[in-house]
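# Understanding the architecture of this molecule
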Amino acid sequence: LYWRERFDLFQDRAFLPLNLTSRGSALTNQDLLCLQGGYPAVLPKTKTGQPVFLVDRRQLTPQATPEVRLRCMFYLGKLFASKEYPAAQTEGQGILALHLLVMPKLMAMDRDFLKYVKRANGLLETVFPIRVQYRVICMIPKGGKGYIVQNLIANYVKSMIGENDAARQKQHKNKSNG
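Nothing here was measured: the structure is a model prediction, and the numbers come from that model.

Low pLDDT marks stretches whose predicted atomic positions should not be read closely. Across the chain, the average pLDDT comes to 78, with 70% of residues at or above 70. Looking at the elements of the chain, mean pLDDT is at its lowest for helix α6 (residues 163-177), recorded as 48, and at its highest for helix α1 (residues 2-10), recorded as 96. In the predicted structure, residues 160-169 sits below a pLDDT of 50 and forms four contacts with residues beyond four places in sequence or in another chain.

In structure tokens:
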């Protein structure tokens, strides 16, 4: 499975070393630019030694096609499967994958994008002997069209804590301001 996926993604460069040098590497210049731009970005390990990476679409470069992103995810999978990251292969810990899903301009969730996400997650979960824990970080857009989202969330929170509690919090805020 590893070599089939690697050959499919890297084609004529599949048998070259998978490293971060553009000369003689299976990674192309576009792949390196995508990784250097921070998509995806390897973050410092947690206090318990758990490896962490962040997927933030705002870091995408114009050259970061779905194929480039898949090659970058393959590189990360190989990196985390190495002996430098033993916690990535541990059943209880694994890798912490943080996905920042919402940005100021919402990206259309078309079939091609969903197909890419499924394949990228599949690469990490099936090709490499690593475990992945996914966490989603949502950013709420400010004003404009996002105002509807903010109102929905505010109304949901009010319904959860009850109108009386919300009124008390508003009263408390007014007293402390003046």
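Across the interface, α1 lies against helix α3 (residues 66-80) with an axial gap of 10 Å and an inter-helix angle of 145 degrees. As α1 runs across α3, the sense of the crossing is left-handed. Residue-level contacts link Y2, E5, R6, L9 and F10 of α1 to L70, R71, F74 and K78 of α3. Grouping the amino acids of the contact of α1 with α3 by side-chain chemistry returns five nonpolar, no polar and four charged.

This part is about the sheet that holds strand β1 (residues 41-43). The four strands lie next to each other as β1-β2-β3-β4, forming an open sheet whose pairing is mixed. Of all the strands in the sheet, just β1 and β4 (132-137) have a single pairing partner and so form its edges. On average, each strand axis in the sheet is tilted by 25 degrees relative to the strand beside it, whichever way the strands run. As paired strands, strand β2 (residues 52-56) and strand β3 (residues 95-100) are joined by five bridges and run parallel to one another. Note on β3: the bridge partner recorded for V55 is H99.

Reading guide: rules and limits
Residues numbered from 1 in each chain as written. Predicted model: local features only at pLDDT ≥ 70, side-chain atom pairs only at ≥ 80, totals over all residues. Heavy atoms only, no water. pLDDT = per-residue confidence, 0-100. Helix = DSSP H or I, 4+ residues; strand = E, 2+ residues; numbered from the N terminus. Contact = heavy atoms within 4.5 Å. Axes fitted to C-alpha atoms, helices over the stretch in contact; angles between N-to-C directions. Left-handed = near helix turned anticlockwise from the far one by under 90°. Nonpolar A, V, L, I, M, F, W, Y, C, P; charged D, E, K, R; others polar. Pairing = 2+ DSSP bridges.

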